[in-house]
Amino acid sequence: MATTRSDPLTLEVVELIGTVVARYYEEYDEAAAAHSLTGAQARVLGLLALEPMPMRRIAQKLKCEPSNVTGIVDRLEARGLVERRPDPADRRVKLAAPTEQGTRTARQLRDSLTFAREPLAELSDAERATLRDLLRRMLGEPDGGRA
């Protein structure tokens, strides 16, 4: 069983993580607004740009209700950024997938996010790898055998 720490160093690290997350979401929402998207719409579009997926899986990844995802995908579809298509593996399942315009928009969104990339660029490869490994460990994720 993991122990909970409340020493000053732990509290400072928790505060710093919170600040990084808040600044990331603030920049993400600003980038989304520049494309007339909400932050949630931009996050869904970003996920779909990686791979088409069913609503249920999008909801799992975003930790929200599938009905919320359906509304977001409806709005993205109305803007021509996303389309629904049958899953080749199971024709009963519909996948949400970005259109060509949606893929372009997702790339522009990703490219406009500089908050995390600029400070990370100042770290060496070894420092970035250590940070990645520590974050994965905090999340209980395997390192995937990557160096």
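Residues numbered from 1 in each chain as written. Predicted model: local features only at pLDDT ≥ 70, side-chain atom pairs only at ≥ 80, totals over all residues. Heavy atoms only, no water.

Caption draft 1: The packing of helix α2 (residues 39-50) against helix α5 (residues 100-112), seen in detail. Where α2 meets α5, the axes come as close as 9 Å, and the angle between the chain directions of the two elements is 110 degrees. On the basis of the axis angle, α2 is roughly perpendicular to α5. In this structure, α2 uses A42, L45, G46 and A49 to contact α5, whose residues at the interface are G102, T105, A106 and L109. Split by residue class, the contact of α2 with α5 holds five nonpolar, three polar and no charged. (Axes fitted to C-alpha atoms, helices over the stretch in contact; angles between N-to-C directions. Helix = DSSP H or I, 4+ residues; strand = E, 2+ residues; numbered from the N terminus. Parallel < 35°, antiparallel > 145°, perpendicular 65-115°, else oblique. Contact = heavy atoms within 4.5 Å. Nonpolar A, V, L, I, M, F, W, Y, C, P; charged D, E, K, R; others polar.)

Caption draft 2: Quick look at the packing of aromatic side chains. Per the stated rule, a full pass over the model turns up two aromatic pairs. The interplanar angle of 75 degrees and the centroid separation of 5.6 Å between the aromatic rings of Y24 and Y25 together place this pair among those described as edge-to-face. Residue Y24 is classed as partly exposed on the basis of its relative accessible area of 33%. A centroid spacing of 5.7 Å and a plane angle of 40 degrees characterise the contact between Y24 and Y28, whose relative ring orientation is tilted. A residue pair is termed a helical-turn pair when its members lie 3 or 4 positions apart in one helix, as Y24 and Y28 do in helix α1 (residues 8-34) at four residues. On the basis of relative accessible area, Y28 is assigned to the buried category, the value being 9%. A connected cluster of aromatic rings, assembled from ring pairs, spans Y24, Y25 and Y28. (Phe/Tyr/Trp six-rings, centres within 6.5 Å; stacked < 30°, edge-to-face > 60°. Buried < 20%, exposed > 50% of the residue type's maximum accessible area, 1.4 Å probe, protein only.)

Caption draft 3: The arrangement of α1 in detail. Along its 27 residues, α1 runs 39 Å from first to last C-alpha, staying within 8% of the 39 Å computed at 1.5 Å per residue. Within α1, the full set of buried residues consists of E27, Y28, A31 and A32. Elements that come into contact with the buried residues of α1 comprise α2 and α5. Two residues or fewer after α1 comes S36, characterised by a positive phi angle close to 55 degrees. (Expected span 1.5 Å × (residues − 1).)

Caption draft 4: The arrangement of a nonpolar patch on the surface in detail. A cluster of nonpolar residues, L9, V13, I17, V21, Y24, Y25, L120, L131, L135, M138 and L139, forms a patch on the protein surface that exposes about 970 Å² of accessible area. Residue assignment for the nonpolar patch shows that the elements contributing at least two residues are α1 and α7 (125-138). Sort the elements by how many residues they give to the nonpolar patch and α1 lands first, with six residues. Among the structural elements, V21 can be located in helix α1. (Patch = residues over 30% accessible without salt bridge, like charges linked within 9 Å, V, L, I, M, F, W, Y side chains within 5 Å. Areas by Shrake-Rupley, 256 points an atom, 1.4 Å probe, with all protein chains shown as cover. Salt bridge = Lys/Arg side-chain N within 4 Å of Asp/Glu carboxyl O.)

Caption draft 5: Representation of the pairing of strand β1 (residues 82-87). Pairing between β1 and strand β2 (residues 90-98): six bridges, direction antiparallel. By the bridge assignment, P86 is partnered in β2 with K94. Two successive antiparallel strands, β1 and β2, enclose a turn made up of two residues. (Pairing = 2+ DSSP bridges.)

Caption draft 6: Summary view of unusual backbone geometry. Phi angles above zero are rare outside glycine, and S36 is one such case at about 55 degrees. Among the structural elements, S36 can be located in the loop between α1 and α2.

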